[in-house]
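# Chain and residue survey
Read off the chains here:
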Amino acid sequence: MFEIGQDWKIAALKTSLCACFYNGGEKMKEKYMMIALKEAKKSLKYNDVPVGAIILKNNKVVAKSYNKKEKYQSATRHAEIDVIEKASKKLNTWHLDDCTIYITMEPCLMCTGAIIQARIKKIVYATDNNKYGFSKQTNNLLEKNNINITKNILKEESIKLLQDFFKNKRQ
Ligand SMILES: [Zn+2]
């Protein structure tokens, strides 16, 4: 009888511990996504679509960047490409295996290709990109390359930033 009670207590403790870790993880992800969103806002200065990206290694921010397509009149200067370049320079290697990339929008095919080439194994993004997102254009691209993905982190905040941008553009 005593043992049953004990088991139940242990089970309850395990559940609450898991919940605690889970919430902690979510909160951390939101904290990092907030930094990426802050980067995204820098795109607005040059009338670029507001997309930001950061790269983390051992939970430390290694590089930050934002979309610079209009700023440099370059189709390839997406936030992800720029942040990969910056992180590689800083770490002095193109092998970013132990890094995580946070992006305020689902990466396009070009950027997903760059992420695969850089050997990044974890992607966290805020909102889907219904037009150019990799998941709309290919099947199982990340699964094939063994890349872990988390989405919908601060989704509403990113959507609002993008919507405001396009609304202002139309006016
Ligand atoms: Zn891209």
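### Some thoughts on the overall build of the chain
Helix and strand content of the chain: 6 helices and 5 strands. The N-to-C order of helical and strand elements in the chain reads α-β-β-α-β-α-β-α-α-β-α. By residue count, 34% of the 171 residues in the chain fall in the buried class. Taking as baseline every contact in the chain between residues at least 6 positions apart, the subset at least 24 positions apart corresponds to 58%.

### Examining unusual backbone geometry
Phi at N92 takes a positive value of approximately 60°, unusual for a residue other than glycine. Secondary-structure assignment places N92 in the loop between α2 (79-91) and β3 (99-105). A residue is classified by how many C-beta atoms lie within 10 Å of it, and N92, with 6 of them, is exposed. In this structure, N140 is a non-glycine residue whose phi angle is positive, near 55°.

### Details of the sheet that holds strand β1 (residues 52-57)
If you trace the 5 strands from one edge of the open sheet to the other, you get β2-β1-β3-β4-β5, paired in mixed fashion. Each edge of the sheet is formed by a strand with only one pairing partner; in this case those strands are β2 (60-66) and β5 (148-150). Here the average twist between neighbouring strands, direction ignored, is 20°. Sheet topology places β1 next to β3; 5 bridges connect them, and they run antiparallel. Residue pairing in the sheet places K57 in a bridge with C99 of β3. Across the sheet, α2 lies against β1, β2 and β3, angled at about 140° from β2, the strand it touches most.

### Considerations on the environment of I116
Looking at the secondary structure, you find I116 in helix α3 (residues 109-117). In this structure I116 comes out as partly exposed when scored by C-beta crowding, with 17 C-beta atoms within 10 Å. Separated by 31 residues in sequence, I116 and I147 have C-alpha atoms that sit 8.1 Å apart.

Basis of the calculations
Residues numbered from 1 in each chain as written. Predicted model: local features only at pLDDT ≥ 70, side-chain atom pairs only at ≥ 80, totals over all residues. Helix = DSSP H or I, 4+ residues; strand = E, 2+ residues; numbered from the N terminus. Buried ≥ 20, exposed ≤ 12 C-beta atoms within 10 Å, placed from the backbone. Contact = placed C-beta atoms within 7 Å. Pairing = 2+ DSSP bridges. Axes fitted to C-alpha atoms, helices over the stretch in contact; angles between N-to-C directions.

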